[in-house]
Amino acid sequence: MRVVVTEFMDEEALAAFESGLSVTYDPSLVEDRGATLAAVGEADAVIVRNRTLIDRELLDAAPKLRAVGRLGVGLDNIDLDACRTRAIAVLPATGANTLSVAEYVIGATMALVRGSFAARDEMIAGLWPRDALGRGGEVSGRVMGLLGFGGIAQAVAERARALGMALAAHDPFLPEDHPAWTGVERCGLGDLLARADVLSLHVPLTGETRGLLGADALGRMKPGAILVNTARGGIVDETALVAALTAGALGGAALDVFATEPLTAEAGARFRDCPNLILTPHIAGVTGEGNARVSHLTVENVRRALAGD
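Residues numbered from 1 in each chain as written. Predicted model: local features only at pLDDT ≥ 70, side-chain atom pairs only at ≥ 80, totals over all residues. Heavy atoms only, no water.

The number of helices and strands found in the protein is 12 helices and 12 strands. Computed over C-alpha atoms, the radius of gyration of the protein comes to 21 Å, within 12% of the 19 Å expected from 2.2 N^0.38 for 309 residues, which places it in the range of a compact globule. Counting only C-alpha atoms, the protein reaches 65 × 55 × 30 Å along its principal axes. Across the 309 residues in the protein, those meeting the buried criterion constitute 48%. (Helix = DSSP H or I, 4+ residues; strand = E, 2+ residues; numbered from the N terminus. Rg over C-alpha atoms; globule rule 2.2 N^0.38 Å. Buried < 20%, exposed > 50% of the residue type's maximum accessible area, 1.4 Å probe, protein only.)

Written as structure tokens, this is what we have:
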């Protein structure tokens, strides 16, 4: 049997595969679609992150494919219907990067609310911007709003609560009697936008969520609110967000995901003059510890699928 890995992972995790199984580990494949299609021709399983497109073209090129291991949890790069039709197991690493994402959200929230960590060049130049930077805020007492209240959002809530933040969330799919709602204000979307001092996104990219945070929704947010997106880029209208930040309607934003990934110089130019903005390359869930957990879980998921467990 053969496994093809098209994106980076913790290589040590691959040792858990049985010795008789052939593993091709080549993270450069994600940059070369033709090479990827050629590599999966004899594959029984592929392991990917979020950039390798598992569509009908790839599935047609991999007639022996039985399993797709996802190094993460988002599945919008995988044609789930096509996989289901062909009895191909799709195996996300559910829960393995929760801590990494939750800590990213909290870290970005604290940095944006405080607004005091971008003065390195001024300090080195001998300036002393104390008056400008001494006006930042504290997260304690603010409302952490969570759009989507699954496992990662619940981990964010737990950490935000420990910092003295109040909690509000919108998730029509989480039952009203779920214990996670304890101590959390259950809101409609409109109420959440109006209530949140910090709005953190935790929903998948679907037809319903694409463009959900457009100009109208951003305009309904509390003046000076912070937006943190570690979900999917297409959920936020980036042009509308730039306008809201530039006008001072929002107090800041952290974007780890983008409508175009990797972010091109052309697409990134729109953010150049935005104030209080953190941009990172889809790494909220990627820490050394998180990558090890995700990689080991994915290998175990694929190993069990190939063994028929």
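On to the nonpolar core. One finds L199, L201, L213 and L241 to be the most contacted residues of the largest nonpolar core, which totals 32 residues. Breaking this core down by element, the ones donating at least two residues are β6 (143–147), α8 (189–195), β9 (198–201), α9 (215–219), α10 (238–247) and β11 (252–255). Ranked by residue count, the leading element in this core is α10, at 5 residues. The contacts of L213, once residues within four sequence positions are left out, are L147, L193, L199, L201, L218, M221, I235, V236 and D237. Judged by nonpolar contacts, the second largest core, of 30 residues, contains V113, A155, L174 and A254. (Core = buried A, V, L, I, M, F, W, Y, C linked by side-chain atoms within 4.5 Å. Contact = heavy atoms within 4.5 Å.)

Turning next to the layout of surface pockets. Roughly 290 Å³ of internal volume is contained in the second largest pocket. Looking at side-chain class alone, the lining of the second largest pocket contains 5 nonpolar, 6 polar and 5 charged residues. (1 Å grid on protein atoms, 1.4 Å probe; cavity = no way out; pocket = protein on both sides within 12 Å on 5 of 7 lines; lining within 4 Å. Points joined across faces, edges and corners; volume = space filled by probe spheres on them. Nonpolar A, V, L, I, M, F, W, Y, C, P; charged D, E, K, R; others polar.)

So, about the pattern of salt bridges. Overall, the coordinates contain 17 salt bridges when judged by the stated rule. The salt bridge partner of R303 is E300, with a shortest N-O separation of 3.0 Å. In this pair, R303 and E300 both sit in helix α12 (residues 288–307), 3 residues apart, roughly one turn of the helix. What you see here is one network of salt bridges that share partners, running through E18, E300 and R303. (Salt bridge = Lys/Arg side-chain N within 4 Å of Asp/Glu carboxyl O.)

Glancing now at the packing of helix α4 (residues 98–114) against helix α7 (residues 151–162). At a closest axis distance of 9 Å, the pairing of α4 and α7 adopts a crossing angle of 50°. The orientation of α4 relative to α7 falls into the category oblique. The element α4 and its partner α7 pack so that their crossing is right-handed. When α4 is examined against α7, the residues T98, L99, V101, A102, V105 and I106 are found in contact with a partner set consisting of G151, I152, A155, V156, R159 and A160. Considered class by class, the residues forming the contact of α4 with α7 number 9 nonpolar, 2 polar and 1 charged. (Axes fitted to C-alpha atoms, helices over the stretch in contact; angles between N-to-C directions. Parallel < 35°, antiparallel > 145°, perpendicular 65-115°, else oblique. Left-handed = near helix turned anticlockwise from the far one by under 90°.)

Our focus in this paragraph is α7. With 12 residues, α7 extends 17 Å from end C-alpha to end C-alpha; this agrees with the ideal 16 Å at 1.5 Å per step. Among all positions in α7, only I152, A153, A155, V156, A157 and A160 are buried. Each element contacted by the buried residues of α7 is listed here: α4, β6 and β7 (166–170). Positive phi shows up at G164, right after α7, with a value of about 90°. (Expected span 1.5 Å × (residues − 1).)

Before going further, it helps to spend a moment on the packing of aromatic side chains. Following the criterion strictly, the structure yields 2 aromatic pairs and no others. Measuring from centroid to centroid gives 5.1 Å for F149 and W181, while their planes differ by 40°, and the two rings are tilted. Taken together, the residues F149 in the loop between β6 and α7 and W181 in the loop between β7 and β8 (185–186) connect sequence positions 32 residues apart. When the centroid spacing of 6.1 Å and the interplanar angle of 65° are considered together, the rings of F258 and F271 count as edge-to-face. Here F271 lies in the loop between α11 (265–268) and β12 (277–279) and F258 lies in the loop between β11 and α11, a separation of 13 residues in the sequence. A residue is classified by how much of its surface remains accessible, and F258, at 7% relative accessible area, is buried. Lying across the ring of W181, R186 places its NZ or CZ 5.3 Å from the centre. (Phe/Tyr/Trp six-rings, centres within 6.5 Å; stacked < 30°, edge-to-face > 60°. Lys NZ or Arg CZ within 6 Å of the ring centre and 35° of its normal.)

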